[in-house]
Number of protein chains: 2
Amino acid sequence: MRNVICCKCVRCGREYPAVPDITTCECGGILDVIYDYEYIKTKLSKEILKKREEPTMWRYRELLPIEEDTVPAGLRVGMSPMYEADNIAAELGIAKLYIKDDGINPTASLKDRASAMAVTKAIEAGYDTIACSSTGNAASSLAGNAARAGLKTYIFVPARAPKGKIAQLMMFGANLTAVDGSYEETFELSKAAIEKYGWYNRNAAINPYLGEGKKTVAHEICEQLCFKAPDYVAVSVGDGCTVAGVYKGLYDMYKVGFIDKIPRIISVQAEGCCPINTAVMTGEPWQPQEENTYADSIAVGVPRNPDKAINAIKDSGGICVNVSDDEIREAQKYLARKAGVFGEPAGVTATAGLMKLSREGKLPHDAVIVSIVTGNGLKDIDSAIKAAGEPKHCKNDLKEFEALGFFD
Amino acid sequence: MRNVICCKCVRCGREYPAVPDITTCECGGILDVIYDYEYIKTKLSKEILKKREEPTMWRYRELLPIEEDTVPAGLRVGMSPMYEADNIAAELGIAKLYIKDDGINPTASLKDRASAMAVTKAIEAGYDTIACSSTGNAASSLAGNAARAGLKTYIFVPARAPKGKIAQLMMFGANLTAVDGSYEETFELSKAAIEKYGWYNRNAAINPYLGEGKKTVAHEICEQLCFKAPDYVAVSVGDGCTVAGVYKGLYDMYKVGFIDKIPRIISVQAEGCCPINTAVMTGEPWQPQEENTYADSIAVGVPRNPDKAINAIKDSGGICVNVSDDEIREAQKYLARKAGVFGEPAGVTATAGLMKLSREGKLPHDAVIVSIVTGNGLKDIDSAIKAAGEPKHCKNDLKEFEALGFFD
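Since the structure is predicted, the reported quantities are computational estimates derived from the model, not experimental observations.

### Remarks on the packing of helix H9 (residues 216–224) of chain A against helix H10 (residues 241–255) of chain A
All names here are of chain A.
Link 1 in the chain: H10 packs onto H9 with a crossing angle of 50° between their chain directions and a minimal axis gap of 7 Å. When the axes of H9 and H10 are compared, the pair comes out oblique. Between H9 and H10 lies a crossing whose hand is right-handed. Contacts between H9 and H10 involve Thr216, Val217, Ala218, His219 and Cys222 from the first element and Val246, Gly249, Leu250, Asp252 and Met253 from the second.

### Here we look at the sheet that holds strand S4 (residues 82–84) of chain A
Residue and element names in this part refer to chain A.
Link 1 in the chain: In spatial order, the strands read S4-S5-S13-S10-S11-S12; together these 6 strands make up an open sheet with mixed pairing. Of all the strands in the sheet, just S4 and strand S12 (319–323) have a single pairing partner and so form its edges. Recorded for the sheet is a direction-independent mean angle of 25° between the axes of neighbouring strands.
Link 2 in the chain: In terms of strand pairing, strand S10 (residues 232–236) meets strand S13 (residues 368–373) through 3 bridges, oriented parallel. The residue of S13 that forms the bridge with tyrosine 232 is isoleucine 369.

### With respect to the nonpolar core
Link 1 in the chain: Among the nonpolar cores identified, the biggest contains 280 residues, and Ile155(A), Val233(A), Ile155(B) and Val233(B) are the most heavily contacted of them.
Link 2 in the chain: Those residues in contact with Ile155(A) that lie beyond four places of it in its chain are Ala131(A), Cys132(A), Ala139(A), Leu142(A), Ala143(A), Leu169(A), Ala174(A), Asn175(A) and Leu176(A).

### A few points about the interface of chain A and chain B
Link 1 in the chain: Listed per partner, the contact involves 62 residues of chain A and 62 residues of chain B.
Link 2 in the chain: Listing elements by their share of the side of chain A that touches chain B, those giving two or more residues are helix H5 (137–149), helix H6 (163–171), strand S8 (175–179), helix H7 (183–197), helix H13 (325–339), helix H15 (381–388), strand S14 (392–394) and helix H16 (398–402) of chain A.
Link 3 in the chain: Sort the elements by how many residues they give to the side of chain A that touches chain B and H6(A) lands first, with 8 residues.
Link 4 in the chain: Here the side of chain A that touches chain B is composed, by residue class, of 35 nonpolar, 15 polar and 12 charged.
Link 5 in the chain: Note that S14(A) and strand S8 (residues 175–179) of chain B share 3 bridges and pair parallel. Along S8(B), the bridge assignment pairs His393(A) with Ala178(B).

### Here we look at unusual backbone geometry
Residues and elements named next belong to chain B.
Link 1 in the chain: If you check the backbone angles, methionine 79 has positive phi at about 50° while not being a glycine.
Link 2 in the chain: With respect to the helices and strands, methionine 79 occurs in the loop between helix H2 (46–51) and strand S4 (82–84).
Link 3 in the chain: In this structure, cysteine 226 takes a positive phi of about 55° despite not being glycine.
Link 4 in the chain: You can see cysteine 226 is positioned in the loop between helix H9 (216–224) and strand S10 (232–236).

### A closer look at the relation of the copies chain A and chain B
Link 1 in the chain: Turning chain A through 180° and shifting it by 0.0 Å along the axis lays it on chain B, with an RMSD of 0.0 Å. Such a turn and shift between the copies fits a two-fold axis.
Link 2 in the chain: An overlap of 100% is found between the interface residues of chain A and their copies at the interface of chain B, pointing to a shared contact surface.

### A closer look at the packing of helix H4 (residues 111–124) of chain A against H5(A)
Residues and elements named next belong to chain A.
Link 1 in the chain: Between H4 and H5, the least distance of the axes is 8 Å, while the angle of their chain directions is 45°. On the basis of their axis angle, the class for H4 and H5 is oblique. Along this stretch, H4 crosses H5, giving a crossing that reads as right-handed. Across the interface between the two elements, Lys111, Asp112, Ala114, Ser115, Ala116, Ala118, Val119 and Ile123 from H4 touch Asn137, Ala138, Ser141, Leu142, Asn145, Ala146 and Ala149 from H5.

### Describing H7(A)
Link 1 in the chain: Helix length check: H7(A) (15 residues) gives 21 Å between terminal C-alpha atoms against 21 Å at 1.5 Å per residue, within 8%.
Link 2 in the chain: Here H7(A) has its buried residues at Tyr183(A), Thr186(A), Phe187(A), Leu189(A), Ser190(A) and Ile194(A). One face of H7(A) carries all of its buried residues, which in axial projection span an arc of 165°. Opposite the buried face of H7(A), at more than 90 degrees from it, the exposed residues are Glu195(A) and Lys196(A).
Link 3 in the chain: Residues of H7(A) that are buried sit in contact with strand S6 (129–133), strand S7 (152–158), S8 and strand S9 (200–201) of chain A together with helix H16 (398–402) of chain B.
Link 4 in the chain: Trailing H7(A) by a residue or two, Gly198(A) shows a phi angle of about 70°, which is positive.

### What about the pairing of S10(B)?
All names here are of chain B.
Link 1 in the chain: For S10, a buried count of 5 out of 5 residues is recorded, marking the element as mostly surrounded by other parts of the structure.
Link 2 in the chain: Here S10 shows two buried faces, one formed by Tyr232, Ala234 and Ser236 and the other by Val233 and Val235.
Link 3 in the chain: Bridge count for S10 against strand S11 (residues 264–270) is 5 bridges, and the pairing is parallel. Within S11, the position partnered with tyrosine 232 by the bridge is arginine 264.
Link 4 in the chain: Remark: the S10/helix H10 (residues 241–255)/S11 crossover connection has right-handed handedness.

Thresholds applied
Residues numbered from 1 in each chain as written. Chains lettered and ligands numbered in written order. Predicted model: local features only at pLDDT ≥ 70, side-chain atom pairs only at ≥ 80, totals over all residues. Axes fitted to C-alpha atoms, helices over the stretch in contact; angles between N-to-C directions. Helix = DSSP H or I, 4+ residues; strand = E, 2+ residues; numbered from the N terminus. Parallel < 35°, antiparallel > 145°, perpendicular 65-115°, else oblique. Left-handed = near helix turned anticlockwise from the far one by under 90°. Contact = placed C-beta atoms within 7 Å. Pairing = 2+ DSSP bridges. Core = buried A, V, L, I, M, F, W, Y, C linked by C-beta atoms within 7 Å. Buried ≥ 20, exposed ≤ 12 C-beta atoms within 10 Å, placed from the backbone. Nonpolar A, V, L, I, M, F, W, Y, C, P; charged D, E, K, R; others polar. Least-squares fit on C-alpha atoms with pLDDT ≥ 70 in both. Expected span 1.5 Å × (residues − 1). Arc of directions from axis to C-beta. Right-handed = clockwise from strand over helix to strand, strands pointing away.

Here you go:
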């Protein structure tokens, strides 16, 4: 990979050659992929991008850690829509709001970006089996992308994962284990099994390439805004890998000169599970927390990627905000009704954070903000019906219909 | 609309001016939108299309019934992925199979194409409220696209509609009525209410513009195959509107000279509810049937658009095949595991039909076939789990994991 210099530990700084099945540093630290941006600038320009027809995350391949002759594997991932939501911006009291709907990806979450990268790297490395633990979305995206690529999967999810994600996993033919325990225990079991059986490791905080897939959401945000950087990018935070990926994508865009500033990250966690935001807000090392939120994708009491996440928030001059489950439910309905975007609970948490910051008068009136929706609401139908209610019933009778109360 | 000549009854041939809120013919027949293809050929070429950046159904706007200055409303619909599935083609014994995954649309079904058209025409016509009846997908897509466009909706679904679709409708803020009765009764109630209250009518077999939205799936198929027409396009059939739309899109492409033949339609219905296929296969007028299939989107015993559907199948030299619910469940797992595409039951019915035709030796070995997946499997999670099974459980213990039987 001529564009990649090495993989470097974010904790101790040690450097490693970027082989396709590299995991963590000997010190236990997470690795970051280091690029040769000067070389990349000779290969990629805004004009080249504009002419590129590829409607996927791979349109940014000069900024991705794959060999020049690698054919990307998996489903058609990326280039999700970004909607201008002037009505919501007006209500939040800001200049512009854009909703980046990543729930439209093939298995209905942003995690498809990491999983498409994972199957591509696994094939580069010569593996035929790939494994991960996940709160659900990484799992279902891995299962789908691996099915498309012809790889076997072993997947571990907490037994609490919503039925939609379980259904996807079973359908895609994953060898699926539902772990009766927390996400932490699920992760530990997957780690032990991967070590024993030598499968390709798609655990996001272990495999440094996955965040490199996720970062393409930020590349797209910049390109969709014609490379005029927004002031803020709001993102829901659980494990820390997604926010780290978003920052990395923005950093890439800045380093190749496509944008002239790095937007500030707005990191939104659930009040009932906010170890990363707590660490940033207090300046203390992060501490494990309970997983007290119904937003399953961000119910991560022991984040696996706190270092990169905390760096991302701090280095961008970011803002942290925590929201209640009720505020998440409110945001879910609000976003669906005002923008036509139905996100899963964790998927709308970023928007819940913006709503709260707006109520507290903390958003500048001239702010241009992008809010990322990380997953589709169909992933967790039971929670959605609880939030939005049940329909009214009647027989085929106009009088009965009129008595339902729509016109009261 | 310089590109549109008129709306013409498919039954009696009477012609009407193409006003934006036109419905059916005085004779009760369904209208077809008639284009001036010679004029369109002066405005649209393959080369113009190739250069067009718009990644939506509106890239074919010269072939769509909207005013030249109309700004399309609704969500970002269309340009769904089409996957080459060589592994499945080999097993079916055909030359090429392409899976067109329309479940990736914003509200997760092909119906988004019709609903984006509906909200666009409703705004052209000056309406602020739009209504429909639906087995579920037309409803949820209307609710989502209308929410994005700022229109109010009144929506009627049979009470049997799966929870995923209900959840979408409630989230998008539709005024939703679940009708305790068949689809036929649901339709009748919507008709009565629309007549009384004067809402814009998004019932697909009433409003001639909706099929014009749906047809863009066929435009895309042709463009994605670089205008080399496939031999067959397989599609699941319920109400008849989708198959009619698919044929219309292929017809358009042929009439403007972009393809050199019209592919043959493979019309697939459920054995428990197949009035349209029965009519084509027997040559008799269609007769109402029971709605005995779990594939809710095509459980339509009284199709609202039999004329256009039957013409489409016949005019293309099409093939009819009916499949059992078990065959649909089998196709659902097969497609997810072999192609990474998780469709809802009606969404995979076309593929179930191909599997059956293959077993019966009815598919030519040199055939190039496109199979359309009309909706995402997350719409109906309970059915998916019934088909694919529940996961195995264990605690965070490698021995327990190894005893689950994955390696037996």
